[in-house]
Amino acid sequence: MSDVQQKVALDAVAGGLDEYWSQRVVGSANGNLFKVAKGIGSTNWHSHDDQDETFVLLHGRLTVQLRSGDVHLEPGDLFVVPRGVEHCPVADEEARFLLVGPEITSTAAGGKPDWSRQQA
């Protein structure tokens, strides 16, 4: 087995996902997972008590609703939701993004809506 990593076309991998608001691990480094996802509509309001959630927007527009106000992201923008902060990502049209963190969060506890389990 080779220790050499292959490059990853983040936007293409995210665009090929079968479900909205699901994550696919595309790499790992220094205890963090690099995960791509795509979303449309919104997740449920939620927080992560065990980790920060880092978004890097690849395609489209994404609004991260916070109780203190909305943060609007465009391609190339990075935003970190601190652990324990309640948030709700929203995309009017398909948005693709990279998430960085120590765990997978595409679960009901991570805000994944029930409808997103259908094919995208």
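Look up: the structure comes first, before these words.
What counts and what doesn't
Residues numbered from 1 in each chain as written. Predicted model: local features only at pLDDT ≥ 70, side-chain atom pairs only at ≥ 80, totals over all residues. Heavy atoms only, no water. Salt bridge = Lys/Arg side-chain N within 4 Å of Asp/Glu carboxyl O. Helix = DSSP H or I, 4+ residues; strand = E, 2+ residues; numbered from the N terminus. Phe/Tyr/Trp six-rings, centres within 6.5 Å; stacked < 30°, edge-to-face > 60°. Buried < 20%, exposed > 50% of the residue type's maximum accessible area, 1.4 Å probe, protein only. Lys NZ or Arg CZ within 6 Å of the ring centre and 35° of its normal. Pairing = 2+ DSSP bridges. 1 Å grid on protein atoms, 1.4 Å probe; cavity = no way out; pocket = protein on both sides within 12 Å on 5 of 7 lines; lining within 4 Å. Points joined across faces, edges and corners; volume = space filled by probe spheres on them. Nonpolar A, V, L, I, M, F, W, Y, C, P; charged D, E, K, R; others polar.

Caption draft 1: Region of interest: the pattern of salt bridges. Taken as a whole and assessed by the stated rule, the structure comprises six salt bridges. The shortest N-O distance in the salt bridge between Arg-96 and Asp-11 comes to 3.1 Å. Note that Arg-96 is positioned in strand E7 (residues 87-101) and Asp-11 in helix H1 (residues 10-15), a separation of 85 residues in sequence. Put simply, Lys-38 and Glu-94 hold a salt bridge, and the shortest N to O gap is 3.9 Å. Taken together, the residues Lys-38 in strand E2 (residues 32-42) and Glu-94 in strand E7 connect sequence positions 56 residues apart. Overlapping salt bridges bring together Asp-11, Lys-38, Glu-94 and Arg-96 as one network.

Caption draft 2: Region of interest: the packing of aromatic side chains. Per the stated rule, a full pass over the model turns up two aromatic pairs. For the pair Trp-21 and Phe-97, a centre-to-centre distance of 5.9 Å together with 40 degrees between the ring planes defines the contact as tilted. In this pair, Trp-21 is assigned in the loop between H1 and strand E1 (23-29) and Phe-97 in strand E7, connecting sequence segments 76 residues apart. With centroids separated by 5.6 Å and ring planes inclined at 55 degrees, the aromatic side chains of Phe-55 and Phe-97 adopt a geometry described as tilted. Separated by 42 residues along the polypeptide, Phe-55 in strand E3 (residues 53-59) and Phe-97 in strand E7 bring together distant segments of the chain. Its relative accessible area of 2% is what places Phe-55 among the buried residues. On the basis of relative accessibility, which here comes to 2%, the residue Phe-97 falls in the buried class. Put simply, the rings of Trp-21, Phe-55 and Phe-97 touch in pairs and so form one group of aromatic residues. The ring centre of Tyr-20 lies 5.1 Å from the NZ or CZ of Lys-38, which sits over that ring. A cation over a ring is seen here: Arg-67 above Trp-45, with NZ or CZ 3.7 Å from the ring centre.

Caption draft 3: Representation of the pairing of E7 in the model. Where burial is concerned, most of E7 is hidden: 13 out of the 15 residues are buried. Alignment of E2 against E7, held across nine bridges, turns out to be antiparallel. Among the inter-strand pairings, Lys-35 is bridged to a residue of E7, identified as Leu-99. The pairing of E3 with E7 spans five bridges and is antiparallel. If you follow Leu-57 over to E7, its bridge partner there is Phe-97.

Caption draft 4: Fine view of the layout of surface pockets. Roughly 190 Å³ of volume is contained in the largest pocket. As for the largest pocket, its lining consists of Gly-60, Arg-61, Leu-62, Thr-63, His-72, Leu-73, Val-90, Asp-92, Glu-93 and Glu-94. Every element with two or more residues in the lining of the largest pocket is listed here: strand E4 (62-66), strand E5 (69-73) and E7. The greatest single-element share of the lining of the largest pocket, amounting to four residues, is contributed by E7. Among the residues forming the lining of the largest pocket, the class breakdown is three nonpolar, three polar and four charged.

These figures come from the coordinates and say nothing about function on their own.
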